[in-house]
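What follows is each chain in one-letter form.
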Amino acid sequence: MNTFDEELVKDRVNRFPFVKMMGMKLISCSGGASVMRCRVRQALRNSGGTLHGGVLGTLVDMSVATALRSALPLTSRMTTVEYKVNLLKPVSGGTITARGSVIRLGKTIAVGSTEIRNAAGDPVAFGSATFYILNVRSPGDSPGIMVATTGRSKPKTKPVLKGES
C-alpha cells in the first residue's frame, strides 16, 4: 500500500470504538481536508440539555487528525499536542458537521483548524489543533491509522532475571 486510500481510512476511523461511542462518522478525508458528522443524542448532552463542549472539542481534534492523515505519508504516526475550541452557540439537537483542514504541515509539527456547524448551517464552534508527527517508518510497514481494539488485552509481564525478585 503506497498511496492514500480514503475508503480504508474512513473504514478504520468509523470502526474505532471511541468514534462509535461518540456517535461520530468520518464522511470524507482527502487533500488535507476532512468532514465529520455527529448526531446529538441524550448521552452527549450536559446538565443544561445542550451538547457537551467536550464533544465539540473531540470533533476539533478528530477532524484535524483525519485531515492530517490524508496529507501524511501512510506510515506516519501522530499525536495531539494541544487543541482549542471556541463555543459560539448551544446545540440542543440534530446533527453537527465539522470541517477540518491542515494549515501547516512541517517535519514534526502540524497545525489545523476546524469549523463546526449545526444542521441549519449556523456556526456553533471553531477550533484549532496541533499534532506532533512521529516515527515515519519504511513504506512496507502497515499504515498508521486507528485499529479497533477490544481493550481487553492481557498485561505483559516483565521477565524475571536470575538474581531479581
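Cut-offs and rules
- Residues numbered from 1 in each chain as written.
- Predicted model: local features only at pLDDT ≥ 70, side-chain atom pairs only at ≥ 80, totals over all residues.
- Heavy atoms only, no water.
- Helix = DSSP H or I, 4+ residues; strand = E, 2+ residues; numbered from the N terminus.
- Buried < 20%, exposed > 50% of the residue type's maximum accessible area, 1.4 Å probe, protein only.
- Contact = heavy atoms within 4.5 Å.
- Areas by Shrake-Rupley, 256 points an atom, 1.4 Å probe, with all protein chains shown as cover.
- Salt bridge = Lys/Arg side-chain N within 4 Å of Asp/Glu carboxyl O.
- Core = buried A, V, L, I, M, F, W, Y, C linked by side-chain atoms within 4.5 Å.
- Expected span 1.5 Å × (residues − 1).
- Pairing = 2+ DSSP bridges.
- Axes fitted to C-alpha atoms, helices over the stretch in contact; angles between N-to-C directions.
- Polar contact = N/O pair within 3.5 Å; in protein donor to acceptor, adjacent residues only side chain to side chain.

Student: Could you clarify how one ought to interpret the overall build of the chain in this entry?
Tutor: Within the chain, the regular secondary structure consists of three helices and six strands. Mapped from its N terminus to its C terminus, the chain presents α and β elements in the order α-α-β-β-α-β-β-β-β. Considering the chain as a whole, with its 165 residues, one finds that 36% of them fall into the buried category. Across the chain, every contact between residues at least 6 apart in sequence was considered, and the portion connecting residues at least 24 apart equals 64%. Summed over all atoms, the accessible surface of the chain reaches about 9600 Å², with 54% contributed by carbon and sulfur.

Student: I would appreciate a short explanation of the pattern of salt bridges in the present structure.
Tutor: Close approach of charged atoms allows side chains with opposite charge to pair. For the coordinates displayed, the defined rule picks out four salt bridges. The partner of Lys89 in a salt bridge is Asp122, with the nearest N and O atoms 3.1 Å apart. With Lys89 in the loop between strand 3 (77–87) and strand 4 (95–105) and Asp122 in the loop between strand 5 (109–117) and strand 6 (123–134), this residue pair connects regions lying 33 residues apart in the sequence.

Student: When you look at the nonpolar core in this model, what are you seeing that I'm missing?
Tutor: One broad rule of soluble globular proteins: the nonpolar side chains tend to lie buried together. Core analysis: the biggest nonpolar cluster contains 31 residues, and Met24, Cys38, Leu51, Val55, Leu59, Ile96 and Ile116 have the highest contact counts within it. The set of elements that each furnish at least two residues to this core consists of helix 1 (6–15), helix 2 (17–22), strand 1 (24–30), strand 2 (33–39), helix 3 (53–69), strand 4, strand 5 and strand 6. Ranked by residue count, the leading element in this core is helix 3, at eight residues. Once residues within four sequence positions are removed from consideration, Cys38 is found in contact with Met22, Gly23, Met24, Leu44, Val55, Leu59, Gly94, Thr95 and Ile96.

Student: What am I meant to see in helix 3 here?
Tutor: Counting along an α-helix, one turn takes 3.6 residues, and residues three or four places apart therefore face a common direction. Between its terminal C-alpha atoms helix 3 stretches 24 Å, which fits the 24 Å expected from 17 residues at 1.5 Å a residue. Counting buried positions over the 17 residues of helix 3 gives 15, a clear majority of the element.

Student: Explain the sheet that holds strand 3 to me, please; I cannot follow it from the model alone.
Tutor: By definition, the strands of a sheet pair up through backbone hydrogen bonds, in either a parallel or an antiparallel sense. Pairing is antiparallel across the open sheet formed by six strands, whose spatial order is 1-2-4-5-6-3. The strands lining the two open edges of the sheet, one partner per strand, are strand 1 and strand 3. Neighbour-to-neighbour, the strand axes of this sheet turn through a mean angle of 20 degrees, independent of strand direction. Two strands pair when backbone bridges link them, and strand 2 and strand 4 are joined in this way by seven bridges, in the antiparallel orientation. Each residue of the ladder has a partner; that of Cys38, found in strand 4, is Ile96. Along the sheet, helix 3 contacts strand 1, strand 2, strand 3, strand 4, strand 5 and strand 6; its crossing angle with strand 3, the most-contacted strand, is approximately 135 degrees.

Student: Could you clarify how one ought to interpret the environment of Cys38 in this entry?
Tutor: For Cys38, the position within the fold is in strand 2. Sequence separation between Cys38 and Gly23 is 15 residues, and the spatial gap between their C-alpha atoms is 5.6 Å.

Student: Just checking my understanding: could you explain the side chain of Ser70 for this structure?
Tutor: Structurally, Ser70 is set in the loop between helix 3 and strand 3. Among the polar contacts made by the side chain of Ser70, one reaches the main-chain carbonyl oxygen of Ala67 at a distance of 2.7 Å. When residues no more than four places from it in sequence are discounted, the contact partners of Ser70 are Phe4, Cys29, Ser30, Gly31, Gly32 and Ala33.

Student: Hey, could you run me through the pairing of strand 5 in this one?
Tutor: On a regular strand, each side chain points to the face opposite its neighbour's, so the side chains alternate between the two faces of the sheet. Only one face of strand 5 is covered, namely the one carrying Ala110, Gly112, Thr114 and Ile116; the face carrying Ile109, Val111, Ser113, Glu115 and Arg117 has none of its residues buried. Here strand 4 runs beside strand 5; their pairing, made up of eight bridges, is antiparallel. The partner of Arg104 across the bridge, within strand 5, is Val111. Turn length for the strand 4-strand 5 hairpin, with the two strands adjacent in sequence and antiparallel, is three residues. The pairing of strand 5 with strand 6 spans nine bridges and is antiparallel. Bridging from a neighbouring strand, Thr114 pairs with Gly127 of strand 6.

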